[in-house]
Structure formats: C-alpha cells, structure tokens
Amino acid sequence: MVNADIEIETLAEFDQVVARGSLSGYRIQSVNLLERTFALLAADTSAAVFLGCAMEPDASAKVRADGALVYPPVPDLPFNPYRGLLYTADELFTGLADGYEATPDAQAYAWFQETKADGDVFSSMLRSIHDDAVSDALDEHLSGARVVGVMGGHAMERGGTEYRGAAELGRCLARSGLTVATGGGPGAMEAANLGAYLAPAPDSALAEALELLAKAPSFTPSVSDWARAAFAVRERWPAGGDSVGIPTWFYGHEPPNAFAGHIAKYFANATREDGLLARSTAGVVFLPGAAGTVQEIFDNATPNYYASRGEPTPMVLVGRHHWTEHLPAWPLLRALARGRGMESRIALVDSVAEVPEALAAMGRAQ
C-alpha cells in the first residue's frame, strides 16, 4: 500500500525531500519542476512516479533513465487531471469579473459536455484519473476529522427563513468542532457552508451576510451575479471558517458555492454521492429537498442497514411534515430500521435547532 508520506504535492515538499538527496520511491503529483532541473539531475529518482509535473526535456530524460515513471501534463485541458490538492472557490471562479462563462469551473463543464458522449477512451480516462486524484486529496484533508454531512435541495433561495436556518445549523455544527460537508452547490448546501464560514465571526455577521446575499437570491438567471454576491460576503469577512463542498460537473448547471473552504469537485456523480456520505462519519443531516435528497437518504440508509461500513452513522431528517406527508421518506426509513442496528441511529425533528442535540444523543447511544 502506498503511504501518503511518500506523496509530494507542493514545491516546498519537493525541496524538503530533495535536500535529503533522494526522490526514490516518491510520488510527485502536479508540481511545476521547470525551475528544479539541477535538483532532478542530481537526485536519485529511481522508482519515482511523476504525475503531471512540468519539467525541462533533459530533466525528463534523466529521470526516465533512472527508471522513474513520468506521466506528462496534458495540454489544452481546462482542468488538471493529476491535481494533488482540493480546489478552492478562488481557483474555480478565477476570471469571474469577465462573467462566469470565463471561469475554470464553467470551462471544465463545457469540456465535459463536449466529451462525455463521444466514446473517446482518452477523455473518459482523464475524467477517471481526475476524480481519483480528488478522492485522494479529500481523504488526506479529512484525515482525523469528525465530519457531519448536511444534505438539502439546490432550490432554496437566499433570504428565506429556511436558508437562514440551514446557515445557523452549519454555524452551530462548525462551532461544536465538527467539519461540515455538503454537496457543494447552491441552496441548502450553500447555506450550511456559509454558516460554517461565518462560525469564527460574531453572531451579528450572519444577518448582514444574508442581506448582502439577498441581492442575488438564486443562481438563476445569472450565475455571475449570484457568485459575485458570495464573494462580496467573503471580502467583508475574509477570515472564514473551513468546511467542505463536494459538487459535480454532472450537474454543471448548478455552480459550486464560494463558502466551502475546500472543494472536491467530481465528474462522476455516483463517485461524488457515495464519497460524500461515506466520509460523513459523525452523521448526516437531511434538510427538506426533492428527488436528490430522497436518493441521498436511502443511499446512506443502505450501508447502515447492512452495517457494511461498520457501526451505523446517525441520520437526522429535518421537517416532520416534509418527510412524513409531502415526501414520506421517514415511514419507510423507520420501517427499514426496525430491529436493525441503525434503529437507534435515526431521528426526525421539526427544526434545525433540534439537530445538534439529536446528533449528540445518537452519539451517546452508540
């Protein structure tokens, strides 16, 4: 098994290892080495693997002669398939001043739309390599963290009471020491990430932030205006708290939100969905949503039912009327849980204010 300790993902890490004289056996991932030719010529690079590292031709020839594997950068791609780190909102929204269409996020979606059905194995391979690299980076980032997932619909508009409630929930969970993880998109997902972002700020910051965001209540008709409003909030409170967003270009019409400190964006939605739920080891909160949220409830219930991931993780459904009358997922979930280990790990509450205690109670019952 490859240990993360032999992965080099930044130039600083490269310099630290090279100073010890050998790169043998290391995995160097998406590091620009054009200015490190002498170091490469001098170091032992046997059994090393270079993934998407730019280097001068003589350096490339030397490391290959040493027996290293070299996977060169792929030109003319709007994304880096070998990336070693998670995305940031600043990275995905670079160029927003010229409109969302100019950003790397929009360009990656356009590439995906052009290639997803062309049958080209090279394109599908690049998507797979990218998504695996993102999963690796996500595992490294969340190592040792207590992660709680917050699921909910994308249609929830800024400025409403439900949006405020989801933001307050994200803030409360983050302040309790949990890492908030969402699907990374608009609506309820953005609200939870916003709450986590504002966790270090005074309580009054949330009301002011909601007022700024209400100027662009939805990502339709203009993603550009919607995103600019979010960056205005970030500019007002630049030292935001961390959380994770896990969106997908499969739903590329839904842009990622700017409040997640780290973003794991995938091409394959199935990988994204399962990965988000599997990493929510401290529980999952399901806010009112539609088909996508219903799917997530039972995607999470299945491994809990079979205990295929070990002890069942807590599941809290928020909105008694929504989940018993409008979309009656709760009766089915309760019937599935009856007599199983997950029976004591599910809860239905009326409001987000009850969620922290419900999670805590189920944690004590473990």
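Further up the page is the structure itself.
The present account deals with the structure reproduced in this document. Just so it is clear, the structure is predicted and the values come from calculations on it, not from any experiment. Every chain's residues receive numbers from 1 upward, in the order its sequence appears when written. Reporting of local features is limited, given that this is a predicted model, to residues whose pLDDT is at least 70; pairs of side-chain atoms are given and counted only at 80 or more, and all residues count toward the totals for whole chains, interfaces and linings. Based on all heavy atoms of the structure, the side-chain values leave hydrogens and waters out of the count.

## Topic: the sheet that holds strand β8 (residues 262-263)
At least two bridges found by DSSP between two strands are what make those strands a pair. Helix numbering and strand numbering both begin at the N terminus, where a helix is a DSSP run of H or I of at least 4 residues and a strand a DSSP run of E of at least 2. Strand order in the open sheet formed by seven strands is β8-β7-β6-β5-β9-β10-β11, with parallel pairing between adjacent strands. With partners counted over all chains shown, the strands left at the sheet margins are β8 and β11 (346-349), one partner each. As defined by bridge partners, strand β10 (residues 315-318) adjoins β11 across four bridges and the pair is classed as parallel. Within β11, the position partnered with V316 by the bridge is A347.

## A closer look at the sheet that holds strand β1 (residues 7-8)
Two strands in a sheet stick together by hydrogen bonds in their backbones, pointing the same way (parallel) or opposite ways (antiparallel). The strand order β1-β2-β3-β4 describes an open sheet built from four strands, whose pairing is parallel. Of all strands in the sheet, those with a lone pairing partner are β1 and β4 (69-71), marking the two edges. Note: β1 against strand β2 (residues 27-29), two bridges, orientation parallel. Counted as the bridge partner of I8 is I28 from β2.

## Some thoughts on a nonpolar patch on the surface
Residues enter patches when they are more than 30% accessible in relative terms and free of salt bridges; like-charged ones are connected within 9 Å and nonpolar ones (Val, Leu, Ile, Met, Phe, Trp, Tyr) within 5 Å. Residue exposure ignores everything except the shown protein chains as possible cover, and the areas themselves are Shrake-Rupley values with a 1.4 Å probe. Here a salt bridge means any side-chain nitrogen of Lys or Arg lying within 4 Å of a carboxyl oxygen belonging to Asp or Glu. The grouping of V121, F122 and M125 at the surface amounts to a nonpolar patch, some 300 Å² of accessible area in total. Topologically, M125 is positioned in helix α6 (residues 121-142). Assessed through its relative accessible area of 40%, M125 is described here as partly exposed. Relative accessibility thresholds used throughout: buried, under 20% of the residue-type maximum; exposed, over 50%; partly exposed, between the two (1.4 Å probe, protein chains only).

## What about the pattern of salt bridges?
Scanning the entire structure with this criterion turns up 15 salt bridges. Across the salt bridge formed by D66 and K62, the nearest N and O atoms sit 2.6 Å from each other. With D66 and K62 both in helix α3 (residues 57-66) and four residues apart, this pair spans about one turn of that helix. K62 sits in the buried class, given a relative accessible area of 18%. One salt bridge in this structure joins D274 and R309, with 2.7 Å as the shortest N-O distance. With a gap of 35 residues between them, D274 in helix α11 (residues 269-278) and R309 in the loop between α12 (291-306) and β10 connect regions that are remote in the sequence. By relative accessible area, D274 is classed as partly exposed at 44%. Here the residues in one salt-bridge network are R171, R175 and D203, joined through shared partners.

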